[in-house]
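Residue-level structural notes
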Amino acid sequence: MEGMAKRAKWFKTPWAGILLSSLISFGLSFLDFNNIVAAANILYGLGMLLEFSAFIRLRYKYPDLPRPYKVPGGIPFLCLMCLVPAGLTVFAICNYFFMNLCKSKGWIQFITEDNVEQAVEKESKEEEL
């Protein structure tokens, strides 16, 4: 990871990290918009989980470290406080993959502009039965 922190001589910017980020963005540009949004949300959720774990670890390992602001409560309270958003994040990520599995198996179907006529025909046939 130290390679990502290499700085350019002129502007002192982390050029290796910027290059990697640009390559990843370029690779994602070939996906459709829904997949880009899903990837961004999953990465954001994973980043939040890292932030929660770092928050708890730093409070545990360095409890007396000077901070501009300190969240009140002990370690059990902080774990409980982070549990709800972490649980929702894990649920959302798992739900995304579960919905894709259900769509690929044909267990569910979402109505889009392309298949709205099929869905209306299927609905009318089911009502006749």
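Look a little higher up for the structure.
Everything in this summary refers to the structure shown in the same document. In this text, all values refer to a predicted model and were calculated from it rather than measured experimentally.

Quick notes on the overall build of the protein
Looking only at helices and strands, the protein features four helices and zero strands. In the protein, the succession of helices and strands from N to C terminus is α-α-α-α. The globule rule puts the C-alpha radius of gyration for 129 residues at 14 Å, and the 23 Å found for the protein is more than 25% above it. Principal-axis analysis of the C-alpha atoms places the extent of the protein at approximately 70 × 45 × 20 Å. In the protein, of all internal contacts separated by at least 6 residues, the share reaching a separation of at least 24 is 29%. Of the accessible surface of the protein, which amounts to about 11,100 Å², a share of 68% is contributed by carbon and sulfur atoms.

Comments concerning the environment of cysteine 82
Structurally, cysteine 82 is set in helix α3 (residues 75-105). Taking relative accessible area as the criterion, cysteine 82 reaches 6% and is therefore assigned buried. Along the chain, cysteine 82 and leucine 49 lie 33 residues apart, while their C-alpha atoms are 9.0 Å from each other. In this structure, cysteine 82 is in contact with Phe52, Phe55 and Ile56, ignoring residues within four places of it in sequence.

Brief notes about the packing of helix α2 (residues 33-61) against α3
Relative orientation of the contacting elements α2 and α3 amounts to 160°, with a least axis distance of 10 Å. If you check the angle between α2 and α3, you find them roughly antiparallel. Between α2 and α3 lies a crossing of left-handed hand. For the pair α2 and α3, the contacting residues are Asn35, Ala38, Ile42, Gly45, Leu46, Leu49, Phe52, Phe55, Ile56, Arg59 and Tyr60 in the first and Ile75, Leu78, Cys79, Met81, Cys82, Pro85, Ala86, Thr89, Val90, Ile93, Tyr96 and Phe97 in the second. Across the contact of α2 with α3, the residue classes break down as 19 nonpolar, three polar and one charged.

Quick notes on the rules
- Residues numbered from 1 in each chain as written.
- Predicted model: local features only at pLDDT ≥ 70, side-chain atom pairs only at ≥ 80, totals over all residues.
- Heavy atoms only, no water.
- Helix = DSSP H or I, 4+ residues; strand = E, 2+ residues; numbered from the N terminus.
- Rg over C-alpha atoms; globule rule 2.2 N^0.38 Å.
- Contact = heavy atoms within 4.5 Å.
- Areas by Shrake-Rupley, 256 points an atom, 1.4 Å probe, with all protein chains shown as cover.
- Buried < 20%, exposed > 50% of the residue type's maximum accessible area, 1.4 Å probe, protein only.
- Axes fitted to C-alpha atoms, helices over the stretch in contact; angles between N-to-C directions.
- Parallel < 35°, antiparallel > 145°, perpendicular 65-115°, else oblique.
- Left-handed = near helix turned anticlockwise from the far one by under 90°.
- Nonpolar A, V, L, I, M, F, W, Y, C, P; charged D, E, K, R; others polar.

Treat this as a map of the structure, not an account of what it does.
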